[in-house]
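Single-letter residue listing:
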Amino acid sequence: MRTGLHRRRPSLRAALAGAFATVALGGAALFSTSAAPAGAAEQWPDPQGEKPVSETIPVSGTYDGEMRRFHGEGDLGGGDQDEGQDPLFKLEDGAVLKNVVLGEPAADGVHCMGSCILENVWWEDVGEDAASFKGSSSSARYTVIGGGARKADDKVFQFNGAGSLKVSGFQVSDFGKLVRSCGNCSTQHKRSITVEDVDITAPGKAVAGVNANYGDTATLREIRIHGDADKKIKPCVRYQGNDSGDEPDEIGSGPDGKTCRYSESDISYD
């Protein structure tokens, strides 16, 4: 995988409204989830059993992990930032992954190859990335509802493909960037990101990183940042992206009404 300072069948219709997300695949299979508001920071579930994963688990339809902890072993046993690792879960277009705890090591987490829903998914120790969104269609919709992540050396969510990503009711701590639009993928896209009702606990660097030159947008609402009275965590950072593999240049941060769409009242610090 390329970094965000790095480098992603049947017809799918996806519509998101408010805190609800529905994906229809081929007009037949229907999956629906609803978001629960984020609570106080650092509330984590107790896993209900362990499941080692030595080969990527493919998901089409809905996969309910029943709150078990999944962790890599063998070829998936890496817990570092090495490029090109395989994921624990690979979701096909329209798939839903729910009630899963990814333990350590988590390899490259979750890959969504098209529209997907991640509901109540938790990453105890993020590997290369928690989840990567890789669909090529501008109509692809990626939805993260609830859950949380911690210990991400760089990114939590890596947005390599096209379409729109919405993260709501999530919590994150000890991380680099919560969401990063790929800064130097060989194929670039316009990407839309929405982050709302999220609890963020320092240390961290940024909530969203987007490429202004490709028309990316980041909309932020109800962002609660904890343990960062000096406001070191930037809500939104703008980059000059490229398709050459070079490290993208940071060109600004803060609300501008175009790329970074939020007001100061949308962010609280304590």
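Residues numbered from 1 in each chain as written. Predicted model: local features only at pLDDT ≥ 70, side-chain atom pairs only at ≥ 80, totals over all residues. Heavy atoms only, no water.

Draft legend 1. How the structure looks around the overall build of the protein chain. Of the regular secondary structure elements, the protein chain holds 0 helices and 24 strands. The buried share of the protein chain, reckoned over its 270 residues, is 55%. Carbon and sulfur atoms provide 45% of the accessible area of the protein chain, an area that totals close to 10,800 Å². (Helix = DSSP H or I, 4+ residues; strand = E, 2+ residues; numbered from the N terminus. Buried < 20%, exposed > 50% of the residue type's maximum accessible area, 1.4 Å probe, protein only. Areas by Shrake-Rupley, 256 points an atom, 1.4 Å probe, with all protein chains shown as cover.)

Draft legend 2. The pairing of strand E19 (residues 206–211), seen in detail. Within E19, 6 of the 6 residues are buried, which leaves it mostly tucked inside the rest of the structure. Across 5 bridges, E19 lies against strand E21 (residues 234–240) in parallel orientation. Across the sheet, Val210 pairs through a bridge with Arg238, a residue of E21. (Pairing = 2+ DSSP bridges.)

Draft legend 3. Highlighting the state of the cysteines. Tallying each qualifying case throughout the model produces 3 disulfides. Covalent S-S linkage joins Cys112 and Cys116, the inter-sulfur distance amounting to 2.1 Å. Measuring the twist about the S-S bond at about 95 degrees, one finds the Cys112-Cys116 disulfide to be right-handed. For Cys112, a relative accessible area of 0% gives the class buried. There is a disulfide in this structure between Cys236 and Cys260, and the S-S distance comes to 2.0 Å. (Disulfide = S-S within 2.5 Å.)

Draft legend 4. Main features of the packing of aromatic side chains. All told, the structure shown has 11 aromatic pairs when counted by the stated rule. Taking 5.2 Å as the distance between ring centres and 45 degrees as the angle between the ring planes, the aromatic pair formed by Phe133 and Tyr142 counts as tilted. One aromatic cluster is present, formed by Trp123, Phe133, Tyr142, Phe157, Phe159 and Phe170 through successive ring pairs. Across from the ring centre of Tyr239, 3.9 Å away, lies the NZ or CZ of Arg180, which sits over that ring. Sitting over the ring of Phe159, Arg191 keeps its end group 5.9 Å from the ring centre. (Phe/Tyr/Trp six-rings, centres within 6.5 Å; stacked < 30°, edge-to-face > 60°. Lys NZ or Arg CZ within 6 Å of the ring centre and 35° of its normal.)

Draft legend 5. A look at the pairing of strand E14 (residues 155–159). Counting buried residues in E14 gives 5 out of 5 residues, a clear majority hidden from the surface. Here strand E11 (residues 131–133) pairs with E14 via 3 bridges, running parallel. Its bridge partner lying in E14, Ala131 is registered against Phe157. In this structure, E14 lies alongside strand E17 (residues 177–181), joined through 4 bridges in parallel fashion. Bridge pairing in E17 places Gln158 opposite Arg180.

Draft legend 6. Region of interest: the sheet that holds strand E7 (residues 89–91). Spatial strand order, E5-E7-E9-E11-E14-E17-E19-E21-E22: 9 strands in an open sheet with mixed pairing. Here the strands that pair on one side only, and so sit at the sheet edges, are strand E5 (57–59) and strand E22 (249–253). Along the sheet, successive strands turn relative to each other by an average axial angle of 20 degrees, direction set aside. (Axes fitted to C-alpha atoms, helices over the stretch in contact; angles between N-to-C directions.)

Spatial relationships are all this shows, so hold off on functional conclusions.
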